[in-house]
Amino acid sequence: MQWEPSAALETIQKRAQIYQQIRAFFSARDLLEVDTPLLSQATNTDAQIVSIEALNQRQALFLQTSPEFAMKRLLAAGSGSIYQICHAFRGAESGRLHNIEFTLLEWYRVAYDYRALMDEVESLIDTLSDRSNSYRRVRYRDLFIEQANVDITGIRLSSLREKTGELVPGADTDDLDFDQCLDLLLSMVVAPRLKGYVFVYDYPVSQAALARVNATNPSVAERFELFHDGLELANGFSELTDAGLQRRRFENDNDLRAAKGLPRYPIDEHLLAALQTGMPDCAGVALGIDRLLMVILGLDSIDQAISFVDRETEYS
Amino acid sequence: MASYSTNEFRSGLKVIVDGDPCSIIENEFVKPGKGQAFNRVKIRNLKTGRVLDKTFKSGESLEAADVIDIEMQYLYSDGQFWHFMVPDNFEQYAADASAIGESHLWLKAQDNCQVTLYNGEPIGVTPPNFVELEITDTDPGLKGDTAQGGTKPATLETGAFIKVPLFLEIGELVRVDTRTGEYMSRAKK
């Protein structure tokens, strides 16, 4: 029986040190540490994210896929800027870089937009990696032109499928939609070519998630992701504060889920009521702590960053 | 017929891809945090031996291939087919040239090897990793030349050509790694 941790003791110690540094970093900047429930009756409606259900007697609850909804309710209640270190759960995500249970650092900055938040992400990563790193920032569209020679603006789905099929060996692209083609190109072609820390920003509006649409260019959302050597570390937004728009996005998500034969998920009415009352303008970001540990310590798999993994295949 | 979903893909799993039986070598899960998940899979086509990359949307499934590997004894070749027997039940199987591939170069009558059956028909033969075969032709040996490390071509009893040290003679037994076709050592008769 393999009972030993999958992470080395030095890694477990490094994690503890990073938690202390995170708390010192945010304490010095007057952010409040918060702790919100892992279980909720509503969940993320995103069609690409599987929520894990937990049964309380006969009542089905969901394990959070991120602490976003609860933290936004705190913001609407007047908490001011807040941060949280917590576990999040995403069903079916298992591999060398994925575990269904993982650790997120998520924080929200009142009155920031996504650009100001990228600056703060840089400061935090410099602090945690104990060095001054260089960071590149590149728009999603420009990155695809640069790395895949594909201009995603105005391209027809048929040409995008064809391009994707040429660039990704052994992929049947005939039944992929626009965003699925972009996701495949990002995972297999674009991200693997990135070196060092790179912020990718201004995502296509179809991938806005909970980000605000850019006021001057409505084809992009104020969303960014941070990669290190192609490994996705963080995802941030200028947050959408409009309750009506947010409800429509949830409903669109659920329509997309139904079209894919997936169950509709209950919409978080508490969040929508909070937005209706008014959430301050803010920017928020979630940073994967397990993957950040991989980067800082040069680990090859997420298993080496997590104390125990519980699945058939372990990645060493 | 059973089928397997991408999350059940494991190394060694036998599935049907584009009509051919294949063995999964590697399965990698890739997914942007908020995007579509894919599985990038390395697959060996068991008929051609070729390795190919395939990309599936996570959750897609492939039909299971009825493939089994059975330990058999090599009996003889009639020029067109190579004949094998299962020692336990004396069942016999005939493999054609495409099934046997290069493996016939390492097969000596009565040696054991692994025969891969697809729907009951041989599609592949894997010889043991090491075999001992007799040299049937090579240039005369150079006496005393055991340290120089030079080599010369030699023909083995099965028809295989390999490189052997200069001191070896016709009629001697050599041990060969069948995966690389390389001479390992002299063997005792």
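To be clear, the structure that these remarks concern was listed above.
Rules and cut-offs
- Residues numbered from 1 in each chain as written.
- Chains lettered and ligands numbered in written order.
- Predicted model: local features only at pLDDT ≥ 70, side-chain atom pairs only at ≥ 80, totals over all residues.
- Heavy atoms only, no water.
- Contact = heavy atoms within 4.5 Å.
- Buried area = accessible area lost by both parts, 1.4 Å probe.
- Salt bridge = Lys/Arg side-chain N within 4 Å of Asp/Glu carboxyl O.
- Polar contact = N/O pair within 3.5 Å; in protein donor to acceptor, adjacent residues only side chain to side chain.
- Helix = DSSP H or I, 4+ residues; strand = E, 2+ residues; numbered from the N terminus.
- Nonpolar A, V, L, I, M, F, W, Y, C, P; charged D, E, K, R; others polar.
- Buried < 20%, exposed > 50% of the residue type's maximum accessible area, 1.4 Å probe, protein only.
- Pairing = 2+ DSSP bridges.
- Axes fitted to C-alpha atoms, helices over the stretch in contact; angles between N-to-C directions.

Student: Mind laying out the interface of chain B and chain A, listing which residues take part and the relevant values?
Tutor: Each partner contributes to the interface: chain B provides 17 residues, whereas chain A provides 31 residues. Regarding the contact of chain B and chain A, the summed buried area is about 2,100 Å², with carbon and sulfur atoms giving 50% of it. Where chain B meets chain A, there are two salt bridges. Where K57(B) meets D175(A), a salt bridge forms, and the shortest distance between an N and an O atom there is 3.3 Å. Counting across the chain B and chain A interface gives six residue pairs in polar contact (both at pLDDT 80 or more). Counting residues per element, the ones that place at least two in the side of chain B that touches chain A are β3 (20-30), β4 (38-45) and β5 (51-57) of chain B. Looking at the side of chain B that touches chain A, the element that brings in the most residues is β5(B), giving four residues. A breakdown of the residues in the side of chain B that touches chain A according to their chemical character gives four nonpolar, four polar and nine charged.

Student: Requested: an account of the pattern of salt bridges, with residues and values cited.
Tutor: All names here are of chain A. As enumerated under the stated definition, the model contains 25 salt bridges over all chains in all. Between E33 and R23 there is a salt bridge, with the nearest N and O atoms lying 2.7 Å from each other. Placement of E33 in strand β1 (residues 32-33) and of R23 in helix α1 (residues 9-28) is noted, with a sequence separation of ten residues between them. Note on R23: relative accessible area 34%, which makes it partly exposed. Its salt-bridge partner being D303, residue R311 comes within 2.3 Å of it at the nearest N-O pair. Of the two residues, R311 and D303, neither departs from the other in class, the shared state being buried. The network of salt bridges with shared partners includes R29, R109 and E120.

Student: Can you tell me about the sheet that holds β4(B), naming the residues and giving the values?
Tutor: Across the sheet, four strands lie side by side as β2-β3-β4-β5 (chain B); this open sheet has antiparallel pairing. Edge positions in the sheet fall to β2 (14-17) and β5 of chain B, since each of these pairs with one other strand and no more. Averaged over all adjacent pairs, the angle separating strand axes in this sheet is 45°, with direction ignored. In the packing of helix α6 (residues 178-190) of chain A onto the sheet, the strands contacted are β3, β4 and β5 of chain B, and the crossing angle to β4(B) comes to about 70°.

Student: Let's hear about the side chain of T158(B): which residues, and what values?
Tutor: Residues and elements named next belong to chain B. Examined against the element boundaries, T158 turns out to sit in the loop between β13 (151-156) and β14 (161-165). According to the relative accessible area criterion, T158 is buried, its value standing at 18%. Polar side-chain contacts of T158 include one of 2.6 Å to the backbone oxygen of L105. Apart from the residues within four sequence positions on either side, T158 is in contact with H104, L105, W106, L107, K108 and L133.

No statement about biological role is implied by the geometric values presented.
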